[in-house]
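Residue-level listing of the chains:
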Amino acid sequence: MLGQIPVPQPAAIHLPWDALTASASGPAVWTVDPATMTVTLAPVTIASFGEADLTIASGLTPGQQIVAAGSQLLYPGRVVSAASVAP
């Protein structure tokens with residue numbers, strides 16, 4: 001007889017590897033202020049690493065905008081524009 005036991009998983013933020021950068025204090029990502037479209041480096045704690053993404057344990061909130069592609073070209077206060085995502 002086979003059975004399944006549902007195990008609830010806590011909500012998690014998954015990011016592509018491109019989003020990960022570092023500061024002097026450790027892992028970080030660039031966050032975007034939607035009002036000004038400027039970036040700020042935000043320290044994060046990583047919960048786990050996957051083949052295609054990583055899971056953030058703390059440092060971000062759901063819905064917060066981050067930069068993925070081109071993050072190596074950023075500096076605090078730089079203005080960015082949102083890329084369109086293909087359906």
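About the criteria used
- Residues numbered from 1 in each chain as written.
- Predicted model: local features only at pLDDT ≥ 70, side-chain atom pairs only at ≥ 80, totals over all residues.
- Heavy atoms only, no water.
- Helix = DSSP H or I, 4+ residues; strand = E, 2+ residues; numbered from the N terminus.
- Rg over C-alpha atoms; globule rule 2.2 N^0.38 Å.
- Buried < 20%, exposed > 50% of the residue type's maximum accessible area, 1.4 Å probe, protein only.
- Contact = heavy atoms within 4.5 Å.
- Areas by Shrake-Rupley, 256 points an atom, 1.4 Å probe, with all protein chains shown as cover.
- Pairing = 2+ DSSP bridges.

Trainee: Just to check I follow, could you spell out the overall build of the protein chain for this structure?
Mentor: Helix and strand counts for the protein chain come out as 0 helices and 7 strands. Beginning at the N terminus, the succession of helices and strands in the protein chain can be written as β-β-β-β-β-β-β. Taking 87 residues into account, the globule formula puts the C-alpha radius of gyration at 12 Å, and the protein chain, at 16 Å, lies well above it. With the principal axes as the frame, the protein chain shows a C-alpha extent of 60 × 35 × 25 Å. Residue burial in the protein chain is summarised as follows: out of 87 residues, 24% are buried. A fraction of 55% describes how many contacts in the protein chain between residues 6 or more apart in sequence connect residues 24 or more apart. Taken as a whole, the protein chain presents about 6300 Å² of accessible surface, with 61% of it coming from carbon and sulfur.

Trainee: Hey, could you run me through the side chain of Ser71 in this one?
Mentor: Topologically, Ser71 is positioned in the segment after strand S7 (65-66). Assessed through its relative accessible area of 7%, Ser71 is described here as buried. When sequence neighbours within four positions are dropped, the list of residues in contact with Ser71 reads Asp18 and Trp30.

Trainee: I'm lost on the pairing of strand S3 (residues 26-33) in this one. Help?
Mentor: The side chains of a regular strand alternate between both faces of the sheet. Extensive coverage of S3 is indicated by the burial of 6 of its 8 residues. Relative to S3, strand S2 (residues 21-23) runs antiparallel, the two sharing 3 bridges. When the sheet's bridge partners are listed, Ser23 is paired in S3 with Gly26. Taken together, S2 and the strand that follows it, S3, pair antiparallel across an intervening segment of 2 residues. The pairing of S3 with strand S4 (residues 38-43) spans 6 bridges and is classified as antiparallel. Bridging from a neighbouring strand, Trp30 pairs with Leu41 of S4. Remark: 4 residues form the turn of the hairpin made by S3 and S4, two consecutive strands paired antiparallel; Met37 in that turn has positive phi of roughly 60°. Sheet analysis places S3 next to S7, joined by 2 bridges and oriented antiparallel.

Trainee: Got a minute to help me understand unusual backbone geometry in this structure?
Mentor: Residues apart from glycine generally show negative phi values, whereas peptide bonds are mostly found in trans. Unusually for a residue other than glycine, Met37 sits at a positive phi of about 60°. Relative to the elements of secondary structure, Met37 occurs in the loop between S3 and S4.

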